[in-house]
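Residue-level listing of the chains:
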Protein chains: 2
Amino acid sequence: MRSLARLSALLPVLALTLVACAEQAQQDTAAEEMEMAMPLDRAQLETAIEAVNAQFMDAVRAGDAAGVAALYTDDATLLPPDAEMVQGMAAVQEFWAAGIAPEGMNLTLTTVSVEGAGDYAYEIGTWSMPAGEGEAAAEAHGKYLVVWKRGAGGTWKLHADIWNDSTPAE
Amino acid sequence: MRSLARLSALLPVLALTLVACAEQAQQDTAAEEMEMAMPLDRAQLETAIEAVNAQFMDAVRAGDAAGVAALYTDDATLLPPDAEMVQGMAAVQEFWAAGIAPEGMNLTLTTVSVEGAGDYAYEIGTWSMPAGEGEAAAEAHGKYLVVWKRGAGGTWKLHADIWNDSTPAE
């Protein structure tokens, strides 16, 4: 009976400890999920995305298709104009290997806006490139929409990538 | 002293009630934030998006540019091929008013995949349409990437919309 009495005396303490525990757990969960949730800070996101775009342009200018492909997620989708959809990093690399001149191409990407939630963000941007020989215009230019996905280590990668030309069709 | 003793006797009950309260609050918060967070349930998302796409196709088939525009967010961006970017619902409506034949066009949209977090989702899809008179192919077909944004009332709207043609350029 004495030990039961002792246990009873401890009950309020135990219960209050459990309350404190539950509250702490709740705060932790909330903090963790707020981070996973929305909205993402646009300025930070833009800085992160522009840093990857700088690597993208460097790789294209160096004719480095593997370097470009490494910036995509493993299960990325490419939606290039005048061609069918391309799925998965290996196919993405093949696409860029065929599309980028071995001596590199002077591609410029300019971010227009970014927005997102959790581990997904999207970017609207414009692209430009000096036109090839024999083409009427001096420069090709267009726009793109990229879905970015944040993976392990907080790295943002291109997860879906589509673009088109802004020059009126002839 | 008697009332104090009574209060003491009630403490464990009170404390256990608080624990139950805190746990319930935690579950509510978690449920709410999981909804805001990620990943979104893909099957549910696909059902919601396909329902809006059905309205989109109906409006295009009816030649109803205002009906199409109403499915976009107020600050939506349209990135049509062979043209510059279009921003805001009014400009989006103007674009579709110029682009959709008054008698309507037989556009088919097919969702390929959806994914998202919080109030943002993206959809990869394909489109097809009988080609215009005098065009070589019987059908035009291509692909699109749409960023969807969930607004008040849980309605998903097109927030960024880009597409291109999959037919090889001549």
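The structure contained in this document is the topic of the report that follows. Quick caveat: nothing in here was measured; it's all calculated off a predicted structure.

A separate point is helix H2 (residues 42-61) of chain B. Residues and elements named next belong to chain B. Between its first and last C-alpha atoms H2 spans 28 Å; for 20 residues at 1.5 Å apiece the expected length is 28 Å, and the two agree. Along H2, the positions that sit buried rather than exposed are Leu45, Ile49, Val52, Asn53, Phe56, Met57, Ala59 and Val60. Looking down the long axis of H2, one finds its buried residues gathered within 155° of arc, a one-sided arrangement. With respect to the buried face of H2, the exposed residues turned more than 90 degrees away are Ala43, Gln44, Thr47 and Asp58. For H2, the side-chain oxygen to backbone nitrogen distance between the N-cap and Ala43 is 3.3 Å, and the N-cap itself is Asp41. Positive backbone phi, approximately 70°, marks Gly63, located one or two places after H2.

With that out of the way, let us pick up the pairing of strand E4 (residues 120-130) of chain A. Residue and element names in this part refer to chain A. Among the 11 residues in E4, nine count as buried, and that is most of the element. Pairing of strand E3 (residues 108-117) with E4 involves nine bridges; the strand directions are antiparallel. Paired with Thr108 across the bridge in E4 is Ser128.

With that out of the way, let us pick up the sheet that holds strand E2 (residues 86-87) of chain B. All names here are of chain B. Strand order in the open sheet formed by six strands is E2-E1-E6-E5-E4-E3, with mixed pairing between adjacent strands. Both edges of this open sheet fall to E2 and strand E3 (108-117), since each of them pairs with a single strand only. Sitting on the sheet, H2 touches strand E1 (72-79), E3, strand E4 (120-130), strand E5 (139-150) and strand E6 (156-165), and the angle it makes with E3 is about 145°. Strands E1, E2 and E6 of the sheet are contacted by helix H4 (residues 89-99), whose axis makes an angle of about 50° with E1.

A few words now on the packing of aromatic side chains. All names here are of chain A. Counting across every chain of the model gives 12 aromatic pairs over all chains. On the numbers, 6.1 Å between centres and 65° between planes, the contact of Phe95 with Trp163 is edge-to-face. Residue Phe95 is located in helix H4 (residues 89-99), and its partner Trp163 is located in strand E6 (residues 156-165); the two are separated by 68 residues in the primary sequence. For Phe95, a relative accessible area of 23% corresponds to the partly exposed category. Given the relative accessible area of 15%, Trp163 is considered buried.

For side chains bearing opposite charge, pairing can occur when the charged atoms are close. For the coordinates displayed, the defined rule picks out six salt bridges over all chains. Linking Asp119 of chain A and Arg150 of chain A is a salt bridge whose minimum nitrogen-to-oxygen distance equals 2.9 Å. Of this pair, Asp119 of chain A sits in the loop between E3 and E4 while Arg150 of chain A sits in strand E5 (residues 139-150), placing them 31 residues apart in sequence. Between Lys149 of chain A and Glu115 of chain B there is a salt bridge whose closest N-O contact spans 2.8 Å. With one member in each of two chains, Lys149 of chain A in strand E5 and Glu115 of chain B in strand E3 form a pair that bridges those chains. The class for Lys149 of chain A is partly exposed, based on a relative accessible area of 22%. Through salt bridges with shared partners, a single network forms among Arg42 and Glu115 of chain A together with Lys149 of chain B.

Definitions and limits used
Residue positions are given per chain, counted from 1 along the sequence in the order it is written. Here the convention is simple: chains get letters from A, ligands get numbers from 1, in the order in which they are written. With the structure being a predicted model, the display of local features is reserved for residues of pLDDT at least 70 and the display and counting of side-chain atom pairs for 80 or more, all residues being used for whole-chain, interface and lining totals. Based on all heavy atoms of the structure, the side-chain values leave hydrogens and waters out of the count. Put simply, DSSP marks the helices as runs of H or I at least four residues long and the strands as runs of E at least two long, and each gets a number from the N terminus on. Helices are assigned an expected span. That span is 1.5 Å times one less than the residue count. Burial classes follow relative accessibility: with a 1.4 Å probe on protein chains only, a residue under 20% of its type's maximum area counts as buried, one over 50% as exposed, and anything between as partly exposed. The arc in question is traced by the directions running from the helix axis to the C-beta atoms. Side-chain atoms alone can form a polar contact between residues adjacent in sequence; in general such a contact is a pair of N or O atoms within 3.5 Å, and within protein one must be able to donate a hydrogen while the other accepts it. DSSP bridges decide pairing: two strands pair if at least two such bridges lie between them. Contacts are assigned to residue pairs that have any heavy atoms within 4.5 Å of one another. For helices, the fitted line uses only the C-alpha atoms of the stretch in contact; every axis is such a line through C-alpha atoms, and the angle between N-to-C directions lies from 0 to 180 degrees. Any Phe, Tyr or Trp ring, taking Trp's six-membered ring, that has another such ring centre within 6.5 Å forms a pair; planes under 30 degrees apart are called stacked, those over 60 apart edge-to-face, and the others tilted. The rule for a salt bridge is simple: a side-chain nitrogen of Lys or Arg has to be within 4 Å of a carboxyl oxygen of Asp or Glu.

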